[in-house]
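Analysis of the macromolecular model
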Amino acid sequence: YRRSLYISFQKRLFITYSLLIILLVFVLGIIFYQYSVHTLENNAISKLNAISDKIGEEIDSLIYPMNFIIDYLISNSDLLSSVITLSNLNRNNFENLTYINEALNTIKSILSNYLVSKNFYRVNIFNLKGDFITSNIIVSTQPQPDVSGYPWLKEVDENYGANILIPFHDEPWGLEKKEK
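Residues numbered from 1 in each chain as written. Predicted model: local features only at pLDDT ≥ 70, side-chain atom pairs only at ≥ 80, totals over all residues. Heavy atoms only, no water.

This part covers the side chain of Thr-134. As for its position among the elements, Thr-134 is in strand E2 (residues 132-134). The exposure class assigned to Thr-134 is buried, which follows from its relative accessible area of 9%. At 2.6 Å, the side chain of Thr-134 and the side chain of Asn-124 are in polar contact. (Helix = DSSP H or I, 4+ residues; strand = E, 2+ residues; numbered from the N terminus. Buried < 20%, exposed > 50% of the residue type's maximum accessible area, 1.4 Å probe, protein only. Polar contact = N/O pair within 3.5 Å; in protein donor to acceptor, adjacent residues only side chain to side chain.)

Next up on the list: the side chain of Asp-131. Here Asp-131 shows up in the loop between strand E1 (124-126) and E2. Within the structure, Asp-131 has its side chain in polar contact with the side chain of Arg-91 (distance 2.3 Å). One polar contact links Asp-131 to Asn-127, side chain to side chain, over a distance of 3.0 Å.

With that out of the way, let us pick up the nonpolar core. Within the largest apolar cluster, 15 residues are counted, with the highest numbers of intra-cluster contacts made by Leu-73, Leu-86, Ile-107, Leu-111 and Val-123. If you list the elements that add at least two residues to this core, you get helix H2 (9-74), helix H3 (77-88) and helix H4 (97-111). Among the elements that make up this core, the one with the highest residue count is H4 (6 residues). Residues in contact with Leu-73, not counting those within four places in the same chain, are Leu-79, Ile-110, Leu-111 and Val-123. (Core = buried A, V, L, I, M, F, W, Y, C linked by side-chain atoms within 4.5 Å. Contact = heavy atoms within 4.5 Å.)

Among the surface-exposed residues, Leu-23, Leu-24, Phe-26, Val-27, Leu-28, Ile-30 and Ile-31 lie close enough to one another that they form a single nonpolar patch of about 660 Å² accessible area. Tracing the backbone shows Val-27 in helix H2. Under the relative-accessibility criterion, Val-27 is labelled partly exposed at 38%. (Patch = residues over 30% accessible without salt bridge, like charges linked within 9 Å, V, L, I, M, F, W, Y side chains within 5 Å. Areas by Shrake-Rupley, 256 points an atom, 1.4 Å probe, with all protein chains shown as cover. Salt bridge = Lys/Arg side-chain N within 4 Å of Asp/Glu carboxyl O.)

Turning next to the confidence of the model for the protein chain. Note: predicted coordinates in regions of low pLDDT should not be interpreted at a detailed level. In the predicted model, the protein chain carries a mean pLDDT of 83, and 83% of its residues have values of at least 70. Helix H1 (residues 2-5) is the least confidently modelled element of the protein chain, averaging 53 in pLDDT, while H2 averages 93, the highest of any element. (pLDDT = per-residue confidence, 0-100.)

This brings us to a negative patch on the surface. Negative charge collects at one region of the surface, where Asp-53, Glu-57, Glu-58 and Asp-60 lie side by side. With respect to the secondary-structure elements, Glu-57 resides in helix H2. (Lys, Arg positive; Asp, Glu negative; His and termini not counted. Charge placed at Lys NZ, Arg CZ, Asp CG, Glu CD.)

What follows is about H3. With 12 residues, H3 should reach 16 Å at 1.5 Å per residue; the first-to-last C-alpha distance of 16 Å fits that figure. Turning to H3, its buried residues number three or more, namely Leu-79, Ser-82 and Leu-86. Considered in projection along H3, the buried side chains sweep an arc of 65° and stay on one side of the axis. Those residues of H3 that are exposed and angled more than 90 degrees off the buried face are Ser-77 and Asn-88. The inward-facing, buried residues of H3 abut H2, H4, E1 and E2. For H3, the N-terminal cap is Asn-76; the gap from its side-chain oxygen to the backbone nitrogen of Asp-78 is 2.9 Å. (Expected span 1.5 Å × (residues − 1). Arc of directions from axis to C-beta.)

So, about H4. Relative to the 21 Å expected for 15 residues at 1.5 Å per residue, H4 spans 21 Å between its end C-alpha atoms, a close match to the ideal helical length. Every buried residue of H4 is listed here: Ile-100, Ala-103, Leu-104, Ile-107, Ile-110 and Leu-111. Angular distribution of buried residues about the axis of H4 spans 130°; they occupy a single face of the element. Summarising the contacts, the buried residues of H4 are in contact with H2, H3, helix H5 (114-119), E1 and E2.

Here the focus is the packing of H3 against H4. Across the interface, H3 lies against H4 with an axial gap of 9 Å and an inter-helix angle of 140°. In terms of axis orientation, H3 runs oblique to H4. Considering only the axes of H3 and H4, their crossing is left-handed. On H4, the residues touching Asp-78, Leu-79, Ser-82, Val-83, Thr-85 and Leu-86 of H3 are Tyr-99, Ile-100, Ala-103, Leu-104, Thr-106, Ile-107 and Ile-110. Here the residues of the contact of H3 with H4 sort into 9 nonpolar, 3 polar and 1 charged. (Axes fitted to C-alpha atoms, helices over the stretch in contact; angles between N-to-C directions. Parallel < 35°, antiparallel > 145°, perpendicular 65-115°, else oblique. Left-handed = near helix turned anticlockwise from the far one by under 90°. Nonpolar A, V, L, I, M, F, W, Y, C, P; charged D, E, K, R; others polar.)

Now the structure itself:
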């Protein structure tokens with residue numbers, strides 16, 4: 001009976017070492033788990049950074065030609081003076097119609113040059129007086145769209161000539177109303 005109450009020294013030693021080994025394995029498992037999680041997080045972060053850099057470069061490569069054509073067009077003094085003419089002259093004064101038509105033709109001529117038509121699907125210039133000039137010959141034969149109600153016009157007006165990027169939207173000048 002006494003033997004059953006007391007555990008032999010070998011069994012105690014075995015249980016102690018077993019518990020020690022289990023505790024050691026458990027601690028090493030937790031350490032390895034935390035190391036693995038940390039490594040995976042760092043790996044994921046570095047891959048996401050690489051992906052975001054790549055997406056940023058792709059967006060920049062899409063925006064660069066747009067900035068180029070904007071710079072090209074606004075550096076053209078004939079275009080600028082024509083845009084100013086369209087914006088400032090009184091449309092009700094019959095004497096101004098010659099200047100207005102000349103300004104429209106100048107802008108159309110500049111937008112129809114090879115650099116614009118070769119590299120861009122369409123470049124549009126419009127103002128709130130209802131003038132709409134485009135480099136796309138098919139669209140230019142359509143009735144002039146009314147762009148005054150578009151929500152992005154306020155953002156354009158508030159940026160005083162700074163470039164802005166607007167999301168996809170229905171174009172009032174598309175061949176079909178669903179064109180984006």
